[in-house]
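Chains, contacts and geometry: an overview
Listed below, chain by chain, are the residues.
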Amino acid sequence: MIGTITLNPSVDRRYNLKTFEKNNIYRCNQYSATAGGKGINVTKVIDQLNEKVCAYGFLGGFSGDFINQHLKKKQIQSDFTFINGSTRSCINILSDDGDQVEILESGPVIGTDEIVNLMNKLSNKMDSFSVITISGSIPQGVNLDIYCKIINMANNRGVKTVLDTSKETLLNGISGRPYLVKPNKEELEWLIGNTINNEEQLLKACRQVLKMGARNIALSLGSKGMYFIGEKGSYRVTIPRVEAKNPVGSGDSTVAGFGVSLARELDVIDTLKLANACGVANAMEMETGQISLNNVKELMKRIEVSSIYYGGREIESNNF
Ligand code: ADP
């Protein structure tokens, strides 16, 4: 069983307009609302990969009910902590010419008893997990070290963790020694406080993150694929060129692929192929957190994973 953690989920609302400007009213007949937040996307993709998953985090108010019902309809298991506050909405307004506005609500303030409730749930269920994925931002009222605490709890019980967040939350989480972190280039640059312009700088930056505490790092580079630097090997992943419809959620789909690979104890090559195939397959769909299993299968055949030299020696291919 994979446990997924989404502390700040959202209802993602999309409005498509011909065009928009300030001080105007628009009628819209092309709009949608879906259960979102990075960890919710991860949960949906793990479920599509036919792996057992249970979603954890905080839900409240009408939007919380919406997300709960959405997962129930899809028969996805969840055990959320229900809160007094209201789950946030994230609004995306898109015009035909490609302009967009995004409004991200900050979300509810979580109470101390609600945090204790979540931590107790995780502690009680920890032995049923092989992997935990931890995604996204931390809501107000929750201390910055919560991911570090969850990772410590998982490490003590032999459960692998995949961490995908940014800035201070990522930095703090890394100090808990997560099994894997999956930053993109921007997030890695923030972590090391420097820009990255070439492969050498990139590999050096990844090594720095391992020194900070992460046991493995998967640096995702959008359509340029991924670098993976781990305890047992360093690899470059090259992905095929595809017609991308909507790459939003590709990082989350990649995390889902990693979670499933770890739960299935795949070797490092197949792990990197599955994780990237999920990211690419998501980019090929309009809907966020949606993959076609046929596409995943076909993409895995076309994704190349090569061992790379680092520090003057070739790193051996080994189990991830
Ligand atoms: P994030 O969403 O966290 O920024 P990325 O954009 O790096 O993550 O995407 C994660 C993975 O998804 C990439 O490593 C790649 O395998 C795949 N991917 C992302 N964008 C594209 C794209 N435009 N075309 C093909 N594959 C993509």
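With respect to the pattern of salt bridges
It is possible for side chains bearing opposite charge to pair when their charged atoms get close. Going through the model one piece at a time under the given rule, you end up with 11 salt bridges. A salt bridge links aspartate 164 to lysine 38, with the nearest nitrogen and oxygen atoms 3.2 Å apart. Here aspartate 164 is found in strand β10 (residues 160-164), whereas its partner lysine 38 is found in helix α1 (residues 38-48), with 126 residues between them in sequence. Relative accessible area serves as the criterion here: at 31%, lysine 38 is assigned to the partly exposed category. In this structure, the salt-bridge partner of aspartate 145 is lysine 149, at a minimum N-O distance of 3.8 Å. Counted as one network, the salt bridges with shared partners bring together Lys38, Asp164 and Asp252.

Remarks on the sheet that holds strand β8 (residues 100-104)
The strand order across the open sheet formed by 4 strands is β3-β2-β7-β8, and the pairing between neighbours is mixed. Each edge of the sheet is formed by a strand with only one pairing partner; in this case those strands are β3 (31-36) and β8. Put simply, the sheet's adjacent strands are angled 15° from each other on average, direction ignored. As paired elements, strand β2 (residues 10-17) and β3 share 6 bridges and run antiparallel to each other. Residue pairing in the sheet places arginine 13 in a bridge with alanine 33 of β3. Relative to β3, helix α2 (residues 61-73) is tilted by about 80°, and along the sheet it contacts β2, β3 and β7 (88-95).

Some points on the site of the ligand
Every one of the 18 residues lining the ligand counts as a neighbour, but Asn184, Ser220, Gly222, Gly225 and Asn276 are closest to it. For the ligand, an oxygen atom lies 3.1 Å from a polar atom in the side chain of lysine 182. In the environment of the ligand, an oxygen atom lies 2.8 Å from a nitrogen or oxygen atom belonging to the backbone of glycine 222. Burial of the ligand by the protein amounts to 85% of the accessible area it has alone, namely 550 Å². Those elements that place two or more of their residues in the shell around the ligand are α8 (250-263) and α9 (268-283). A total of 4 residues in the shell around the ligand trace back to one element, the largest contributor, which is α9. Looking at the shell around the ligand, its residues break down into 7 nonpolar, 10 polar and 1 charged.

Quick word on the confidence of the model for the protein chain
Looking at the protein chain as a whole, its pLDDT mean stands at 95, while 96% of the residues score no less than 70. Residue range residues 315-320 is modelled with pLDDT below 50. Its contacts to residues more than four positions away, or to other chains, number 28 contacts.

Details of the pairing of β2
Within a regular strand, the side chains alternate between the two sheet faces. Bridge count between β2 and β7: 8 bridges; the pairing is parallel. Note that in β7 the partner of aspartate 12 across the bridge is cysteine 90.

Observations concerning the packing of helix α3 (residues 112-125) against helix α4 (residues 146-156)
Helix packing geometry: the angle between the two helix axes and the distance between the axes. α4 packs onto α3 with a crossing angle of 20° between their chain directions and a minimal axis gap of 11 Å. As judged from the angle between their axes, α3 and α4 are roughly parallel. Where α3 crosses over α4, the two elements pack in a sense that is right-handed. Listed contacts from α4 to Ile115, Leu118, Met119, Leu122 and Ser123 of α3 are Ile146, Lys149, Ile150 and Met153. When grouped by side-chain class, the residues that make up the contact of α3 with α4 number 7 nonpolar, 1 polar and 1 charged.

Thresholds applied
Residues numbered from 1 in each chain as written. Predicted model: local features only at pLDDT ≥ 70, side-chain atom pairs only at ≥ 80, totals over all residues. Heavy atoms only, no water. Salt bridge = Lys/Arg side-chain N within 4 Å of Asp/Glu carboxyl O. Helix = DSSP H or I, 4+ residues; strand = E, 2+ residues; numbered from the N terminus. Buried < 20%, exposed > 50% of the residue type's maximum accessible area, 1.4 Å probe, protein only. Pairing = 2+ DSSP bridges. Axes fitted to C-alpha atoms, helices over the stretch in contact; angles between N-to-C directions. Contact = heavy atoms within 4.5 Å. Near = heavy atom within 4 Å. Polar contact = N/O pair within 3.5 Å; in protein donor to acceptor, adjacent residues only side chain to side chain. Areas by Shrake-Rupley, 256 points an atom, 1.4 Å probe, with all protein chains shown as cover. Nonpolar A, V, L, I, M, F, W, Y, C, P; charged D, E, K, R; others polar. pLDDT = per-residue confidence, 0-100. Parallel < 35°, antiparallel > 145°, perpendicular 65-115°, else oblique. Left-handed = near helix turned anticlockwise from the far one by under 90°.

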